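# Survey of secondary and tertiary structure
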Amino acid sequence: LRAVTLENEKLRVVVLPDKGADIVAFQHKPSDTDFMWISPMGLRNPANSIPSGSKEDGFFLDFYEGAWQEILPSGGPNASYKGADWGLHGETATIPWDFKLLADSEKEIAVEFSVKLYRSPFKLTRVMRLEAGKPVLFMHERLENEGAEAMEYMWGHHPAVGEPWLDESCLVDCPASKLILNPGHYCDNQRFADDITCAWPMAPAKDGTTVDLRLVPPRSVKTLDLGYLAELDAGWYGVTSTSKGTGFGMAWDKEIFPYVWYWQDFGGGFGYPWYGRTYNLALEPWTSWPGAGLNAVIENGTARCLQAGESLETELVAVAYEGRSHVKHISRAGEVELA
């Protein structure tokens with residue numbers, strides 16, 4: 001698989017254009033910390049493998065190396081729309097992207113990644129840029145409907161952090177007001193009951209306790225939950241290791257991505273594909289919820305729509321930072337304010 005590396009004094013970012021333009025490394029160079037979680041299956045080239053059997057929800061998980069995917073036009077399990085069928089997590093993360101170098105100087109480096117989907121008329125372009133001396137990845141994105149009819153979609157970023165960096169010393173911060181947990185039942189190892197709606201960050205657990213979801217539990221809890229943060233005051237989050245003194249955060253336009261999916265696999269992912277081997281979390285900016293496929297978000301009214309020939313543009317940042325306390329704010333310039 002070809003790899004594109006963007007690097008300055010503070011940050012090293014590795015992108016795989018041959019596999020969904022996945023971001024497989026996000027390394028804070030001063031502390032030698034790579035925040036991206038890599039799954040037990042590791043990175044494998046889909047071109048060198050033959051799936052051992054058919055799978056109703058596709059083969060995303062067979063080749064899911066962890067790290068960071070961009071997902072379009074459907075998130076979650078199977079969806080069928082205008083004659084097209086998608087398995088788990090749509091299309092962009094499973095096909096190759098094009099790329100070209102835009103800038104390479106002492107001041108900045110910029111690379112454009114783009115993809116035209118096979119089963120829908122969307123084109124997605126992502127320009128990734130580093131500026132000298134800043135531990136900040138700037139991303140400018142353009143989503144286009146090249147078709148002659150309106151198209152509904154859901155769109156999200158799926159960065160996962162985990163071991164060896166993640167542990168029970170980590171803090172999660174996000175300016176959300178509302179939390180929805182395990183709608184429709186997620187799995188049998190949930191820490192929380194089905195269909196819980198409460199105020200972020202305190203949630204009632206199945207054992208009768210109240211849990212502060214800003215605190216990452218140890219692997220020994222052996223739980224797996226999926227939550228959705230809503231009613232954001234601003235679009236940002238931070239995950240901070242108080243033991244290691246480093247953190248990973250993102251900031252974005254909350255009008256484009258008004259929800260944050262919170263995947264919490266704290267040693268409780270049993271059966272295919274985890275088999276109890278994983279300890280990680282993902283905080284994911286999304287246009288829509290729940291993670292039940294495009295048809296579900298069309299039904300609940302959170303799907304987005306681009307008219308024929310229409311496009312939209314937006315910007316996101318991801319930042320590595322140093323600190324040992326809660327985060328008060330992360331700006332879209334990559335500035336981190338600690339409590």
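Worth saying up front: this structure is predicted, and the values here are computed from it rather than measured.

## Description of the layout of surface pockets
Considering only enclosed or pocket space, the largest pocket measures out at about 710 Å³ in volume. At the level of secondary structure, the elements contributing two or more residues to the lining of the largest pocket comprise strand S19 (223-232) and strand S22 (259-266). Considering each element in turn, the lining of the largest pocket owes the most residues, three residues, to S19. Grouping the amino acids of the lining of the largest pocket by side-chain chemistry returns 19 nonpolar, 10 polar and three charged. By volume, the second largest pocket is sized at about 520 Å³. In terms of lining residues, the second largest pocket is bounded by 23 residues, among which Phe59, Phe60, Gly90, Thr94 and Ile95 are the most central.

## As for the environment of Gly268
With respect to the helices and strands, Gly268 occurs in the loop between S22 and strand S23 (279-286). We classify Gly268 as buried; its relative accessible area is 0%. Placed 257 residues apart in sequence, Gly268 and Leu11 show a C-alpha to C-alpha distance of 32 Å.

## Regarding the pattern of salt bridges
Counted according to the given criterion, the structure contains 20 salt bridges. With a closest N to O distance of 2.9 Å, Asp22 and Lys19 form a salt bridge. The buried category is assigned to Asp22, whose relative accessible area is 0%. One salt bridge in this structure joins Glu144 and Arg142, with 3.3 Å as the shortest N-O distance. Look at Arg142 and you get partly exposed, because its relative accessible area is 28%. Residues joined by salt bridges that share partners form a network here, namely Glu108, Arg129, Glu131 and Lys134.

## Some thoughts on the nonpolar core
Ranked by size, the top nonpolar core spans 99 residues in total, and within it Phe26, Leu137, Phe248 and Leu281 carry the most contacts. Among the nonpolar cores identified, the runner-up in size contains nine residues, and Trp236, Ala251, Val317 and Val327 belong to it.

## Let's talk about the pairing of strand S26 (residues 327-330)
In this structure, S26 lies alongside strand S27 (residues 336-338), joined through three bridges in antiparallel fashion. By the bridge assignment for S27, His329 is matched with Glu337. In textbook terms, the turn of a hairpin is the stretch between consecutive antiparallel strands, and for S26 and S27 this stretch comprises five residues, one of which, Gly334, has a positive phi near 85°.

## Details of unusual backbone geometry
For the bond from Tyr272 to Pro273, the omega torsion is 0°, close enough to zero to count as cis. Its place among the elements puts Pro273 in the loop between S22 and S23. In this model, Trp289 is joined to Pro290 through a cis peptide bond whose omega is -5°. Relative to the helices and strands, Pro290 is located in the loop between S23 and helix H1 (294-300). Residues other than glycine seldom take positive phi values, yet Lys82 does so here, at roughly 50°. Note on placement: Lys82 falls in the loop between strand S6 (79-81) and strand S7 (84-86). For Lys82, a relative accessible area of 47% translates into the label partly exposed. Located in the positive-phi region is Tyr275, a residue other than glycine, with phi close to 55°.

Cut-offs and rules
The residue numbers shown here count from 1 along each chain, following its written sequence. Under the rules for a predicted model, residues below a pLDDT of 70 receive no local features and side-chain atom pairs below 80 are neither given nor counted, while totals for whole chains, interfaces and linings still include all residues. Note: side-chain values were computed over all heavy atoms of the structure, leaving out hydrogens and water. Only protein atoms enter the 1 Å grid used here, on which a cavity is any set of points holding a 1.4 Å probe that cannot leave and a pocket is any open set flanked by protein within 12 Å on both sides along at least five of seven lines; residues with an atom within 4 Å of a point are listed as lining. Grid points are joined across faces, edges and corners, and a volume is the space filled by probe spheres set on the points. For the purposes of this entry, the term helix denotes a DSSP run of H or I that reaches at least four residues, the term strand denotes a run of E that reaches at least two, and both are numbered from the N terminus. The classification used treats Ala, Val, Leu, Ile, Met, Phe, Trp, Tyr, Cys and Pro as nonpolar, Asp, Glu, Lys and Arg as charged, and all other residues, Gly among them, as polar. Summary of the burial criterion: residues with accessible area below 20% of their type's maximum are buried, those above 50% are exposed, and those between are partly exposed, where the area comes from a 1.4 Å probe applied to protein chains only. Should a side-chain nitrogen of Lys or Arg be within 4 Å of a carboxyl oxygen of Asp or Glu, the pair is scored as a salt bridge. Residues grouped as a nonpolar core are buried Ala, Val, Leu, Ile, Met, Phe, Trp, Tyr and Cys residues, joined through side-chain atoms within 4.5 Å. When DSSP finds two or more bridges between two strands, those strands count as paired.

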